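Each chain, letter by letter, is given below.
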Number of protein chains: 2
Amino acid sequence: MKDRIRCPQLLDRIVTADEAASHIQDGMNVGCSGFTPAGYPKLVPLALAGRIKRTGEKTRINLFTGASVGNELDGALAEVGAIDKRMPYHSNKMLRDQINSGQVRFYDMHLSHVSSELRYGNFGPLDVAVIEAHAITEEGHIIPTTSVGISPTIAKAARTVIVELNTTHPDELEGIHDIYIPRDQPDRETFPIVKPSNRIGKPYIEAGPDRIHHIVMSDRPDSHSPFAPFTETEKRIAEQLIDFIATEIKSGRMPKGLPWQSGVGGVANAVLLGFLDSPFANMEFYSEVLQDAVLDLIDAGKVVFASGCSITLSDEGEKRFHQDIARYKRHLLLRPQEITNNPEVIRRLGIIAVNTALEADIYGHVNSTHAMGTHLMNGIGGSGDFERNAYVSMFVTPSTAKGGKISSIVPFVSHFDHSEHDVKVIITEQGLADLRGKCPREIAREIITKCAHPDYRDMLMDYFERACREVGGHEPHLIKEALSFHGRFIDHGDMRKR
Amino acid sequence: MKDRIRCPQLLDRIVTADEAASHIQDGMNVGCSGFTPAGYPKLVPLALAGRIKRTGEKTRINLFTGASVGNELDGALAEVGAIDKRMPYHSNKMLRDQINSGQVRFYDMHLSHVSSELRYGNFGPLDVAVIEAHAITEEGHIIPTTSVGISPTIAKAARTVIVELNTTHPDELEGIHDIYIPRDQPDRETFPIVKPSNRIGKPYIEAGPDRIHHIVMSDRPDSHSPFAPFTETEKRIAEQLIDFIATEIKSGRMPKGLPWQSGVGGVANAVLLGFLDSPFANMEFYSEVLQDAVLDLIDAGKVVFASGCSITLSDEGEKRFHQDIARYKRHLLLRPQEITNNPEVIRRLGIIAVNTALEADIYGHVNSTHAMGTHLMNGIGGSGDFERNAYVSMFVTPSTAKGGKISSIVPFVSHFDHSEHDVKVIITEQGLADLRGKCPREIAREIITKCAHPDYRDMLMDYFERACREVGGHEPHLIKEALSFHGRFIDHGDMRKR
């Protein structure tokens with residue numbers, strides 16, 4: 001224990017999870033560590049949920065995290081109805097239902113905005129921070145575990161700081177982090193990152209013994225997401241994407257060696273594993289979430305460096321990581337999300353960005369978040385931060401969903417996350433639409449002929465041509481039919497005409 | 001003449017406008033200086049238009065500028081049907097009609113993206129650049145006039161460079177510019193601007209005698225836009241905006257002294273002139289277009305520094321500026337648009353951004369560009385660059401248009417430019433909606449009750465409440481009615497129910 005709590009005066013602040021949870025009360029603003037299920041507190045939220053279930057109290061909190069967290073936090077608290085406000089991202093089914101029923105007030109945000117909005121006070125003062133830590137230094141500084149997220153900001157801002165000291169990672173995890181909190185305006189400085197491997201901060205979150213009020217010991221590991229397998233459809237998308245970038249580099253339009261960002265899920269894994277057989281060498285990542293495939297790519301000598309905000313592994317992936325952590329650590333670095341997702345750094349580095357669309361319209365606007373325009377899936381996450389500022393902004397999606405009943409290419413998106421100005425390439429298993437240097441009417445033909453599923457191609461082209469003929473304009477639309485695909489799905493469960 | 005062309009070997013490159021225009025031929029990519037009618041070439045495009053009219057030739061070019069330009073360029077070329085592609089922004093009526101009829105292929109772009117997209121080659125190689133200059137240095141470098149825009153990039157990239165040497169400004173204009181072209185990826189560096197007054201470049205565009213092929217002498221001034229007067233409605237918007245910021249500063253949520261950005265037009269002028277009687281002191285601007293009101297604010301000692309991409313004055317404003325240029329110059333600086341509009345600098349400085357919405361929906365999505373979803377007005381301009389990265393992102397609009405027949409607050413915007421994530425405050429003459437820290441359902445009530453015109457308030461609330469009841473979701477919508485306000489206007493010329 002003294003290996004991990006090296007500041008002697010903090011040893012008597014060790015409490016049980018129940019005692020720590022007793023500091024969380026109804027109406028409080030609570031910030032937690034955690035980014036896309038990694039490095040989030042587990043025992044304290046479980047204790048809180050247990051207390052609420054036991055006492056039947058009506059406690060509801062406002063919960064702020066870096067991004068999504070594991071079931072021990074979002075799931076356990078949602079189950080007892082203990083979340084009032086929630087931001088900025090989630091991936092929990094029960095919480096999703098509560099958000100969509102209006103029971104939970106959810107704030108969907110660009111991940112790069114979260115820490116500064118908290119510091120500006122736009123959500124009010126922070127009562128409690130619960131931060132999962134790997135160790136506490138001699139000086140009382142906090143070494144995070146598998147994610148950084150918003151932890152540096154909440155450690156500074158919260159009235160009460162609870163550290164959940166997690167002993168499941170080898171000592172060598174220490175040193176993987178690069179923690180940097182910008183000064184706020186009007187004194188904000190430049191972030192001198194010109195390579196993904198540049199370090200600009202310290203390996204710990206500055207706290208000090210006065211800023212750590214309670215410590216809970218934990219040996220509960222992150223809930224590991226199993227490695228997402230990918231389908232033939234996703235593989236086909238990945239192949240086109242890799243071909244496209246290889247051709248761009250060959251043609252001289254894109255320099256070699258730009259860093260990559262990629263979202264999570266099946267397509268992302270297909271892309272990452274596709275790199276193993278790709279012509280790319282000495283690859284770098286400047287991304288958010290690092291997953292199993294990054295270890296494969298390091299092992300294969302394909303990836304020389306990966307900067308992220310969290311490392312989220314499968315059970316098997318974590319075993320490999322732990323066994324060879326000293327070697328992997330030379331290629332990895334974890335930063336706060338206001339640095340990983342900062343437009344300054346993203347635009348400077350010239351990132352190749354790949355994110356998933358729920359649907360795209362014929363002019364290239366993208367919906368990443370709301371099914372049928374109303375029901376939230378997970379949130380916008382960092383996709384806006386990366387796509388607006390990337391060297392080339394790519395969105396991927398299978399051309400249909402629900403066994404063909406939903407077309408991912410529609411006349412008009414039912415919710416809007418990314419505008420035509422931020423979308424340069426759209427890829428489905430049907431093909432790749434290159435929107436660069438094309439005007440909206442050219443884009444419509446490109447997207448319909450290259451990306452739409454054959455079942456929907458004629459319907460879309462008919463809509464577009466009638467809109468050109470009957471209405472015209474820079475982006476021709478039949479306003480009264482613009483959302484008719486969605487209307488048909490709502491009425492008949494199928495976007496196809498009957 | 002030798003005062004203005006100080007590189008002796010260039011004196012024999014002086015040609016007539018007709019000779020210069022002869023280098024512009026059908027199908028060419030032509031880049032011109034100019035940003036929001038200032039500093040654009042006049043004689044060469046007029047000569048080109050004259051030639052086309054005279055010969056009846058079918059010449060059509062692809063025209064790239066910084067932003068909108070004067071009638072001598074967009075107007076003259078549109079009149080002879082000589083524009084095929086056009087980007088990234090315009091404000092010419094005839095060109096607008098040609099864009100909306102599909103005759104001109106227009107590319108609406110974030111202004112911060114234009115120069116780098118050109119350099120990346122996404123529009124193909126640049127054949128000709130026509131750059132209005134104030135002088136050419138001993139070394140053959142180009143000193144621009146009243147705007148910088150994309151001139152540094154097109155001077156470097158074009159096969160043929162034509163300088164239109166404009167003698168209408170006093171010698172003292174020299175030194176107002178700060179020209180900086182970033183290195184492209186993977187070698188992009190930081191932009192070390194931490195104050196609007198920081199200089200990071202040179203007072204001229206690096207060219208050299210080999211890069212200037214033809215020079216045309218000109219004494220034709222910029223077409224001056226008359227100072228836009230403002231209405232009572234716009235004044236009421238401005239008053240609320242100033243009150244809001246003053247209250248934010250007083251409450252400690254916003255530090256004193258953040259720089260301002262503001263769009264152009266009536267509301268902008270009402271805001272700027274409202275500053276004269278405001279509590280703000282030592283104000284700074286980090287904006288795009290600097291207009292007459294900035295001179296007033298400098299004279300009143302309210303503004304200590306204004307950084308922009310162009311200075312666009314009325315006749316009377318230009319007279320004042322010319323008479324006292326040495327003094328004004330101490331408070332002013334003009335930069336390329338990839339620096340004025342760069343997210344890196346905007347987010348670092350923490351700008352207070354004010355831009356105009358055409359319409360906003362009940363969840364805070366904004367349409368800035370397309371009337372009834374289809375017909376382009378001017379373009380997105382720099383609004384996305386500023387609003388996404390501002391300290392506080394504000395949009396202003398009168399609550400109705402067309403004498404009340406159009407509501408600027410609608411259930412669902414008919415075109416998307418700015419998502420809910422980038423809109424924090426909406427102001428109409430009816431009131432101010434503060435969206436910070438509110439979830440979508442709270443935002444809907446805030447916008448409807450604060451911003452909508454009374455004629456539309458009940459209709460909007462009825463839509464929202466039925467959507468909550470009948471559909472639910474994180475952003476409740478009745479998909480089949482979402483665009484019904486627009487449908488009603490298209491059918492009956494009035495969004496109000498009959």
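Here is what the cut-offs are and how they apply
Residues numbered from 1 in each chain as written. Chains lettered and ligands numbered in written order. Predicted model: local features only at pLDDT ≥ 70, side-chain atom pairs only at ≥ 80, totals over all residues. Heavy atoms only, no water. Helix = DSSP H or I, 4+ residues; strand = E, 2+ residues; numbered from the N terminus. Rg over C-alpha atoms; globule rule 2.2 N^0.38 Å. Buried < 20%, exposed > 50% of the residue type's maximum accessible area, 1.4 Å probe, protein only. Contact = heavy atoms within 4.5 Å. Polar contact = N/O pair within 3.5 Å; in protein donor to acceptor, adjacent residues only side chain to side chain. Core = buried A, V, L, I, M, F, W, Y, C linked by side-chain atoms within 4.5 Å. Buried area = accessible area lost by both parts, 1.4 Å probe. Salt bridge = Lys/Arg side-chain N within 4 Å of Asp/Glu carboxyl O. Axes fitted to C-alpha atoms, helices over the stretch in contact; angles between N-to-C directions. Parallel < 35°, antiparallel > 145°, perpendicular 65-115°, else oblique. Nonpolar A, V, L, I, M, F, W, Y, C, P; charged D, E, K, R; others polar. Least-squares fit on C-alpha atoms with pLDDT ≥ 70 in both. Phe/Tyr/Trp six-rings, centres within 6.5 Å; stacked < 30°, edge-to-face > 60°. Lys NZ or Arg CZ within 6 Å of the ring centre and 35° of its normal. pLDDT = per-residue confidence, 0-100. Pairing = 2+ DSSP bridges.

Engineer: I would appreciate a short explanation of the overall build of chain A in the present structure.
Structural biologist: Per the secondary structure count, chain A includes 17 helices and 25 strands. Rg of the C-alpha trace for chain A: 23 Å, near the compact-globule value of 23 Å for 498 residues, within the 12% margin. Along the three orthogonal principal directions, the C-alpha set of chain A runs to about 75 × 50 × 45 Å. The buried share of chain A, reckoned over its 498 residues, is 67%. In chain A, 73% of the contacts between residues at least 6 apart in sequence involve partners at least 24 apart.

Engineer: Looking at this structure, I do not really get the side chain of Arg86(A). What am I missing?
Structural biologist: Residue and element names in this part refer to chain A. Along the chain, Arg86 turns up in strand β3 (residues 83-87). The buried category is assigned to Arg86, whose relative accessible area is 0%. A polar contact of 2.8 Å, which involves the side chain of Arg86, links it to the side chain of Asp74.

Engineer: What is the right way to read the nonpolar core from this model?
Structural biologist: The tendency in soluble globular proteins is for nonpolar side chains to be buried as a group. Judged by nonpolar contacts, the single largest core of 80 residues is most densely connected at Ile245(A), Trp260(A), Phe275(A), Phe321(A) and Leu332(A). Considering every element that reaches this core, the biggest residue donor is helix α7 (residues 232-251) of chain A, with six residues. Other than its neighbours up to four places away in sequence, Ile245(A) contacts Met254(A), Trp260(A), Phe280(A), Ile352(A), Val392(A) and Met394(A). Leu10(B), Met109(B), Leu173(B) and Ile215(B) belong to the second largest nonpolar core, which has 79 residues in total.

Engineer: What's the story with the interface of chain A and chain B in this structure? I'm lost.
Structural biologist: Interfaces are often sized by the accessible area lost when the parts come together. Taken together, the 83 residues of chain A in the interface contact 84 residues of chain B. Counting the surface lost from both chain A and chain B, the interface buries some 6,500 Å², and carbon and sulfur atoms represent 56% of this. Where chain A touches chain B, the interface holds eight salt bridges. Close ionic contact of Glu442(B) with Arg105(A) constitutes a salt bridge, the shortest N to O distance being 2.4 Å.

Engineer: What is the right way to read helix α10 (residues 315-323) of chain A from this model?
Structural biologist: The α-helix winds at 3.6 residues per turn, so residues separated by three or four positions along the chain end up facing the same way. Taken together, the buried positions of α10(A) are occupied by Gly317(A), Glu318(A), Arg320(A), Phe321(A) and His322(A). Those residues of α10(A) that are buried lie in contact with α9 (292-299), β13 (310-311), α11 (325-329) and β14 (332-334) of chain A.

Engineer: Just checking my understanding: could you explain the packing of helix α8 (residues 266-274) of chain B against helix α9 (residues 292-299) of chain B for this structure?
Structural biologist: Each pair of packed helices can be described by the angle between their axes along with the distance between the axes. Residues and elements named next belong to chain B. As a packed pair, α8 and α9 sit with axes 9 Å apart at the nearest point and diverge in direction by 5 degrees. Taken together, the axes of α8 and α9 lie roughly parallel to each other. Across the interface between the two elements, Asn269, Leu272 and Leu273 from α8 touch Ala293, Asp296 and Leu297 from α9. Its residues placed into classes, the contact of α8 with α9 shows four nonpolar, one polar and one charged.

Engineer: Is there a simple way to explain the relation of the copies chain A and chain B in this structure?
Structural biologist: The operation relating the two chain copies consists of a rotation about an axis and a shift along that axis. Superposition of chain A onto chain B requires a rotation of 180 degrees combined with a translation of 0.0 Å along the rotation axis, giving an RMSD of 0.0 Å. Between the two chains, the operation in question is that of a two-fold axis. If distances are taken from each C-alpha of chain A to the rotation axis, the shortest is found for Glu344(A), at 2.0 Å. When you check the interface residues of chain A against chain B, 100% turn up at the interface there too, and the contact is symmetric in its surfaces.

Engineer: Got a minute to help me understand the packing of aromatic side chains in this structure?
Structural biologist: Two descriptors summarise a pair of aromatic rings, namely the distance from one centre to the other and the angle between the planes of the rings. All names here are of chain A. For the structure shown, the criterion picks out 26 aromatic pairs over all chains. Residues Trp260 and Phe280 carry aromatic rings whose centres are separated by 5.8 Å and whose planes lie at 45 degrees to one another, so their mutual orientation is tilted. Here Trp260 is found in strand β9 (residues 260-262), whereas its partner Phe280 is found in the loop between α8 (266-274) and β10 (283-286), with 20 residues between them in sequence. Like Phe280, Trp260 is buried. Each ring, one from Phe275 and one from Phe280, has its centre 5.9 Å from the other, and the planes form 70 degrees; the classification is edge-to-face. Take Phe275 and Phe280: they sit in the same class, and that class is buried. Following the ring pairs from residue to residue traces out a cluster consisting of Trp260, Phe275, Phe280 and Phe285. The ring of Tyr40 has Lys42 lying over it, and the distance from NZ or CZ to the ring centre is 4.3 Å.

Engineer: Teacher, can you tell me more about the confidence of the model for chain A here?
Structural biologist: Close inspection of predicted coordinates is inappropriate in any region flagged by low pLDDT. In this model, chain A carries a mean pLDDT of 96, and residues with pLDDT of at least 70 account for 100%. As scored by the predictor, the complex reaches a pTM of 0.97 and an ipTM of 0.97.

Engineer: Help me out: how do you make sense of the sheet that holds strand β17 (residues 366-367) of chain B in this one?
Structural biologist: Backbone-to-backbone hydrogen bonds join strands into a sheet, with any given pair of strands oriented parallel or antiparallel. Residue and element names in this part refer to chain B. Here we have three strands laid out as an open sheet, ordered β17-β16-β23, and mixed in their pairing. One side of each edge strand has no neighbouring strand; the edge strands of this open sheet are β17 and β23 (409-410). Summarising the sheet, strand β16 (residues 359-361) and β17 pair through two bridges and their orientation is antiparallel. In the strand pairing of β17, Ala360 is matched with Val366.

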